[in-house]
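A look at the structure
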Amino acid sequence: MKTLIVYAGRNGSTQKTAERIAGQIGAEAELVNLQKQPAPELTEYDNVILGGSILAGSVPKTLQKFIAQQREDAAFQESKYFPLLPNGRADRPVL
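Heads up: these notes are all about the structure in this document. (Residues numbered from 1 in each chain as written. Predicted model: local features only at pLDDT ≥ 70, side-chain atom pairs only at ≥ 80, totals over all residues. Heavy atoms only, no water.)

1. What to know about the overall build of the protein
Keep this limit in mind: Starting at the N terminus, helices and strands are each numbered in turn, a helix being any DSSP run of H or I of at least four residues and a strand any DSSP run of E of at least two. Relative accessibility decides the category of a residue: with a 1.4 Å probe and only protein chains considered, values under 20% of the type maximum give buried, values over 50% give exposed, and everything between is partly exposed. Pairs of residues are marked as contacts when any of their non-hydrogen atoms sit within 4.5 Å.
Across its full length, the protein carries 3 helices and 4 strands. Within the span of the protein, comprising 95 residues, buried residues form 38% of the whole. Summarising the internal contacts of the protein: among those between residues at least 6 apart in sequence, 77% fall at separations of at least 24.

The following block contains the structure:
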């Protein structure tokens, strides 16, 4: 099963967490940083995992925009989300 991990973060913690999740999933996982790459078509994937930092009660605007654009997609409706709290640090992995 092919899995897409889409994320957006502010300090590197979200990317590190996304990479660790992808490592657990294996070769079928693809990472997309919404702040650096365009979002792919979800129809190519069996699973979608969303990740984002949380600051002042919200996730990055790039992730908010992606969510708004994908709401009606069946693959998106089954997606999972991993939030990262504001004091997460890239040098202290969450997983």
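Don't stop here, the text continues.
2. What to know about the nonpolar core
Note the threshold: What is meant by a nonpolar core is a set of buried Ala, Val, Leu, Ile, Met, Phe, Trp, Tyr and Cys residues, joined one to another through side-chain atoms within 4.5 Å.
One finds Leu4, Val6, Leu34, Leu42, Leu50, Leu63 and Phe66 to be the most contacted residues of the largest nonpolar core, which totals 13 residues. When contributions to this core are tallied by element, the ones reaching two or more residues are strand E1 (3–8), strand E3 (47–53) and helix H2 (61–70). Those residues within four positions of Leu34 in sequence are excluded, and the remaining contacts are Val6, Tyr7, Ala8, Ala39, Thr62, Leu63 and Phe66. The next biggest cluster of nonpolar side chains, apart from the first, holds 6 residues, and it includes Tyr7, Ala18, Ala22 and Ile49.

3. Details of the pairing of E3
Selection criterion: Paired strands, in this sense, are two strands between which DSSP finds at least two bridges.
A large share of E3 lies buried, amounting to 6 of its 7 residues. Strand direction decides the pairing type here: E1 and E3, joined by 6 bridges, are parallel. Bridging across to E3, Ile5 finds its partner in Ile49.

4. Examining helix H1 (residues 13–25)
Here is the rule we go by: By this rule, a helix spans an expected 1.5 Å times one less than how many residues it contains.
Between its first and last C-alpha atoms H1 spans 19 Å; for 13 residues at 1.5 Å apiece the expected length is 18 Å, and the two agree. In the segment just after H1, Gly26 is the residue with positive phi, at about 105°.

5. Here's the deal with H2
For the record, the criterion: What the arc measures is the spread of directions leading from the helix axis to the C-beta atoms.
The complete set of buried residues in H2 reads Leu63, Phe66, Ile67 and Gln70. For H2, the arc enclosing every buried residue in end-on projection is 100°, short of the 170-degree limit, so these residues lie on one face. Among the exposed residues of H2, those pointing more than 90 degrees away from its buried face are Lys61, Lys65 and Gln69.

6. A look at the pairing of strand E2 (residues 29–33)
Of the strand pairs in this sheet, E1 and E2 are connected by 5 bridges, and their pairing is parallel. Residue Leu4 lies in a different strand from E2, and its bridge partner there is Glu30.

7. Remarks on the environment of Pro60
Along the chain, Pro60 turns up in the loop between E3 and H2. A residue is classified by how much of its surface remains accessible, and Pro60, at 4% relative accessible area, is buried. On a C-alpha basis, the gap between Pro60 and Tyr7 in space is 9.3 Å, while along the polypeptide they are 53 residues apart.

8. Remarks on the environment of Leu42
With respect to the helices and strands, the residue Leu42 is situated in the loop between E2 and E3. Judged by its relative accessible area of 1%, Leu42 falls in the buried class. As a C-alpha pair, Leu42 and Leu4 span 38 residues in sequence and 8.0 Å in three-dimensional space.

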